Amino acid sequence: MANNTNLGDTEEIILSLELEDGSELECQVICIFEYGDDNYAALTPTDESIEEIYFFGVEMKDLGEETEFTLNNIESDDLLEELSDVFDSLMDEDDDNGEWDEFINKKLED
């Protein structure tokens, strides 16, 4: 699991996800991490009343000063479970540094 994107690098990335019913849900990127040979993103809704974390495959394209992200749905329940475990492990590591607490406190203040 190398190349984990630091929470500080992603805390300002807000994306709109189109849901199955056609509505949109605004989400904040919690982190982008590598698992196996692929990159994944963990997102949470900006609406504090929704306590969910969503995982997507990520393709990143460096455009010089900007990076373009493409999110891909994950169809495998087994992979989603594995990503959840990896994410929990990453958050435990960040919790040791206080970064996760800072992220949660900032989200609660917004």
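See the structure printed just above.
Residues numbered from 1 in each chain as written. Predicted model: local features only at pLDDT ≥ 70, side-chain atom pairs only at ≥ 80, totals over all residues. Heavy atoms only, no water.

A. Spotlight on the packing of aromatic side chains. Overall, the coordinates contain two aromatic pairs when judged by the stated rule. With centroids separated by 6.2 Å and ring planes inclined at 35°, the aromatic side chains of phenylalanine 33 and tyrosine 40 adopt a geometry described as tilted. Tyrosine 40 matches phenylalanine 33 in its accessibility class, with the two residues each being buried. Centre to centre, the rings of phenylalanine 55 and phenylalanine 87 are 5.6 Å apart; their planes meet at 75°, and the pair counts as edge-to-face. (Phe/Tyr/Trp six-rings, centres within 6.5 Å; stacked < 30°, edge-to-face > 60°. Buried < 20%, exposed > 50% of the residue type's maximum accessible area, 1.4 Å probe, protein only.)

B. Spatial organisation of the pairing of strand β1 (residues 14–18). Bridge count for β1 against strand β2 (residues 24–35) is five bridges, and the pairing is antiparallel. Counted as the bridge partner of leucine 15 is cysteine 27 from β2. Adjacent in sequence and paired antiparallel, β1 and β2 are bridged by five residues, among which glycine 22 carries a positive phi angle near 90°. (Pairing = 2+ DSSP bridges. Helix = DSSP H or I, 4+ residues; strand = E, 2+ residues; numbered from the N terminus.)

C. Layout of the nonpolar core. Among the nonpolar cores identified, the biggest contains twelve residues, and these are Ile30, Cys31, Phe33, Tyr40, Ala42, Phe55, Ile74, Leu83, Val86, Phe87, Leu90 and Met91. Among the secondary structure elements, those contributing two or more residues to this core are β2, β3 (38–45) and α2 (77–97). Examining the composition of this core, we find that five residues originate from one element, α2, more than from any other. (Core = buried A, V, L, I, M, F, W, Y, C linked by side-chain atoms within 4.5 Å.)

D. Main features of the environment of threonine 44. With respect to the helices and strands, threonine 44 occurs in strand β3. Overall, threonine 44 belongs to the buried group, its relative accessible area being 6%. Separated by 17 residues in the primary sequence, threonine 44 and cysteine 27 have C-alpha atoms spaced 5.2 Å apart. At a separation of 3.0 Å, a polar atom in the side chain of threonine 44 contacts the main-chain carbonyl oxygen of glutamate 52. (Polar contact = N/O pair within 3.5 Å; in protein donor to acceptor, adjacent residues only side chain to side chain.)

E. Representation of the pairing of β2. Taken together, the eight bridges between β2 and β3 define a ladder with antiparallel strand orientation. In the sheet register, phenylalanine 33 faces β3, and the bridge partner there is tyrosine 40. Linking β2 back to β3 in an antiparallel pair, the connection comprises two residues, with glycine 36 at a positive phi of about 65°.

F. Highlighting the sheet that holds β3. The sheet built from five strands is open, its strands ordered β1-β2-β3-β4-β5 with antiparallel pairing. Edge positions in the sheet fall to β1 and β5 (67–72), since each of these pairs with one other strand and no more. Averaged over all adjacent pairs, the angle separating strand axes in this sheet is 50°, with direction ignored. (Axes fitted to C-alpha atoms, helices over the stretch in contact; angles between N-to-C directions.)

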